[in-house]
Amino acid sequence: MNTAKVKNYTPEQLANADYLFKVLSALPEDKQRTVTMVANAFMEGMKAQEQFAAAQAGA
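Source: prediction; values computed, not measured.

An account of the overall build of the chain is needed here, citing residue identities and associated values.
When helices and strands are tallied, the chain shows two helices and zero strands. Across the 59 residues that make up the chain, the buried fraction comes to 2%. Taken as a whole, the chain presents about 5,500 Å² of accessible surface, with 62% of it coming from carbon and sulfur.

Here you go:
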């Protein structure tokens, strides 16, 4: 693991991650994969939007 990319998470973020894990665990396995893919796509879109906004602010 690249230790330069290790992040410190707040207690609230850890609680949210635990809640998300519990919700996903309650779903059937085939639905877990679908929900995980959608969540990952959403988070990547948020990251892309942040980069776009930063580029626009610097332009």
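Moving on from the model shown.
Go over a nonpolar patch on the surface, please, and point to the residues and values.
Taken together, Phe42, Met43 and Met46 make up a surface patch of nonpolar side chains, about 330 Å² in accessible area. In this structure, Met46 sits in helix α2 (residues 29-58).

I'd like a rundown of the layout of surface pockets, residues and numbers included.
There is about 250 Å³ of room inside the largest pocket. If you trace the largest pocket, you find it lined by Lys7, Tyr9, Asn40, Met43, Glu44, Met46, Lys47 and Glu50. In terms of residue class, the lining of the largest pocket is made up of three nonpolar, one polar and four charged.

Give a description of the pattern of salt bridges that names residues and reports values.
A full pass over the atoms with the stated rule returns three salt bridges. We note a salt bridge from Asp18 to Lys22, for which the minimum N-O separation is 3.1 Å. Placement of both Asp18 and Lys22 in helix α1 (residues 11-26) is noted, with a separation of four residues, approximately one turn of the helix. Using a relative accessible area of 53% as the deciding quantity, one classes Lys22 as exposed. Note that Glu29 and Arg33 form a salt bridge whose closest N and O atoms lie 2.8 Å from each other.

Parameters at a glance
Residues numbered from 1 in each chain as written. Predicted model: local features only at pLDDT ≥ 70, side-chain atom pairs only at ≥ 80, totals over all residues. Heavy atoms only, no water. Helix = DSSP H or I, 4+ residues; strand = E, 2+ residues; numbered from the N terminus. Buried < 20%, exposed > 50% of the residue type's maximum accessible area, 1.4 Å probe, protein only. Areas by Shrake-Rupley, 256 points an atom, 1.4 Å probe, with all protein chains shown as cover. Patch = residues over 30% accessible without salt bridge, like charges linked within 9 Å, V, L, I, M, F, W, Y side chains within 5 Å. Salt bridge = Lys/Arg side-chain N within 4 Å of Asp/Glu carboxyl O. 1 Å grid on protein atoms, 1.4 Å probe; cavity = no way out; pocket = protein on both sides within 12 Å on 5 of 7 lines; lining within 4 Å. Points joined across faces, edges and corners; volume = space filled by probe spheres on them. Nonpolar A, V, L, I, M, F, W, Y, C, P; charged D, E, K, R; others polar.

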